[in-house]
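Residue strings, one per chain:
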Amino acid sequence: MRSRTLTILMGFTVAASLAALAAAWRLPGDNRGYEPVQPINYSHRLHAGEMQISCMYCHSGAEQSRYAGIPSTSVCMNCHQEVRASFELVQQEAQDAEAEDRTAERIVSSELQKLYDTLALDDQLRPLEDKAPMPVPWVRVHTLPDFVRFDHRPHVLSGVSCQSCHGPVETMERVRQEAPLSMGWCVNCHRDVNEHGVAGKTAYASLDCTTCHY
Ligand code: HEC
Ligand code: HEC
Ligand code: HEC
Ligand code: HEC
Ligand code: HEC
């Protein structure tokens, strides 16, 4: 009796995991198009596209670790200590001031004001004494389940571009998920890499279950 229950239970487990496997292969785990609103309207189109700041300037983790990483506000302040509004607004204020025969005011963009607020800075960008700086609570876009092992480093170092997995981020006002991030998506590319190589070089990307599963 006991061993029979056990057999049935095991049967269920196998069936359940096969069903899950089939589901994972068939359904493209679809979170594609997910584009959460962020606490600050930071634009990749402006920074990485128009201004051509390299992805690595902010996501250098991608070459060194599992995680690409989100830059801290101090990286933003390398520029936004000086740049407090768009060039257009600053120029507009300069023209208005001249026409009205007064000195131009220092314009601060409302989106950048949010950045200064999280850093607890006053309107001269000096630290406020009664407030503590906080990180920007960016909303995560891409997430894999906990049982999947993913590492940026081997991908980036072998020459897979950020865009082949994340789409044309440098054109996005707000980041959205382009790829399905399903098992079929990972495995298809690994197969393709083994047949055709990557970035003009031969490469081997394992298809073993334990490569991607703990
Ligand atoms: C000046 C800094 C900066 C540069 C340059 C930059 N990023 Fe980002 N990136 C950020 C910040 C801040 C976030 C978090 C807010 C957001 O999602 O927009 C982010 C988020 C992302 C995300 C979403 C992460 C998640 O939550 O899943 C991806 C993907 C990404 N960046 C890829 C890129 C790529 C590809 C490039 C180059 C084409 C690039 N980034 C250039 C600052 C930058
Ligand atoms: C290499 C310099 C540089 C870095 C680093 C940088 N920015 Fe910018 N950013 C600019 C410039 C220059 C502008 C204004 C462009 C223009 O004239 O429209 C700007 C514009 C902006 C604006 C739009 C302002 C408005 O209201 O028009 C926001 C918001 C912003 N940046 C947020 C960020 C955040 C958040 C980070 C860090 C993750 C960051 N920036 C990093 C140079 C930078
Ligand atoms: C082979 C596909 C692939 C490539 C290539 C790739 N990414 Fe990712 N990226 C992912 C996946 C999958 C996740 C979600 C990982 C997770 O949930 O553990 C992710 C997450 C991220 C995140 C948010 C979480 C983190 O890791 O900190 C950022 C930012 C990011 N990628 C940026 C980049 C940048 C920049 C590049 C190029 C230098 C790049 N990625 C190249 C697949 C890729
Ligand atoms: C666009 C193609 C592409 C996609 C999509 C892709 N990979 Fe890869 N993967 C590669 C390449 C190329 C390598 C490295 C081959 C080499 O080092 O020669 C690799 C290597 C790996 C490694 C390291 C294996 C080792 O031996 O160290 C892991 C783990 C991995 N991938 C997991 C994933 C997971 C999980 C996904 C899906 C979320 C995924 N990959 C999606 C192309 C891809
Ligand atoms: C290249 C990476 C990769 C390889 C190799 C891989 N998987 Fe996966 N697997 C994934 C990813 C990513 C997911 C999550 C997909 C999702 O969330 O839609 C997944 C999901 C699953 C699931 C679904 C779990 C659930 O609860 O939905 C099962 C079961 C599974 N894999 C079993 C296997 C088996 C068995 C093998 C070996 C034949 C294997 N995987 C090889 C990346 C991989």
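Before reading on, note that the structure itself is shown above.
Below or above, wherever it landed, is the structure these notes cover. Please read these numbers as outputs of a predicted model, since none were measured by experiment.

What to know about the coordination of the iron atom of ligand 1
Taken together, the protein ligands of the iron atom of ligand 1 are His44 (NE2) and His59 (NE2), with distances of 2.1 Å. The site at the iron atom of ligand 1 holds six donor atoms, and with the angles between them running 87 to 179°, its shape is octahedral. Pair noted here: histidine 44 is in helix α2 (residues 44-50) and histidine 59 is in helix α3 (residues 55-59), with a separation of 15 residues, a long-range link. The class for histidine 44 is buried, based on a relative accessible area of 15%. For histidine 59, a relative accessible area of 23% corresponds to the partly exposed category.

Overview of the coordination of the iron atom of ligand 3
The coordination sphere of the iron atom of ligand 3 contains the protein donors His152 (NE2) and His166 (NE2), at a distance range of 2.0 to 2.1 Å. One way to put it: the six donor atoms around the iron atom of ligand 3 meet at angles of 88 to 180°, and that makes the site octahedral. With a gap of 14 residues between them, histidine 152 in helix α8 (residues 152-157) and histidine 166 in helix α9 (residues 162-166) connect regions that are remote in the sequence.

Describing the pattern of salt bridges
One pass over the full model with this rule turns up nine salt bridges. Here arginine 174 ties to glutamate 35 by a salt bridge, and the two come within 3.9 Å at their closest N and O atoms. Of this pair, arginine 174 sits in the loop between α9 and α10 (183-196) while glutamate 35 sits in the loop between α1 (2-26) and α2, and the two are 139 residues apart along the sequence. Taking the shortest distance from any N to any O, the salt bridge between glutamate 178 and arginine 176 comes out at 2.7 Å. Through salt bridges that share partners, Arg45, Glu50 and Glu173 make up one connected network.

Parameters and conventions
Residues numbered from 1 in each chain as written. Chains lettered and ligands numbered in written order. Predicted model: local features only at pLDDT ≥ 70, side-chain atom pairs only at ≥ 80, totals over all residues. Heavy atoms only, no water. Donors = N, O, S within 2.8 Å, 3.2 Å for Na, K, Ca; no water. Tetrahedral: all angles 85-135°; square planar, octahedral: opposite > 155°, others 65-115°. Helix = DSSP H or I, 4+ residues; strand = E, 2+ residues; numbered from the N terminus. Buried < 20%, exposed > 50% of the residue type's maximum accessible area, 1.4 Å probe, protein only. Salt bridge = Lys/Arg side-chain N within 4 Å of Asp/Glu carboxyl O.

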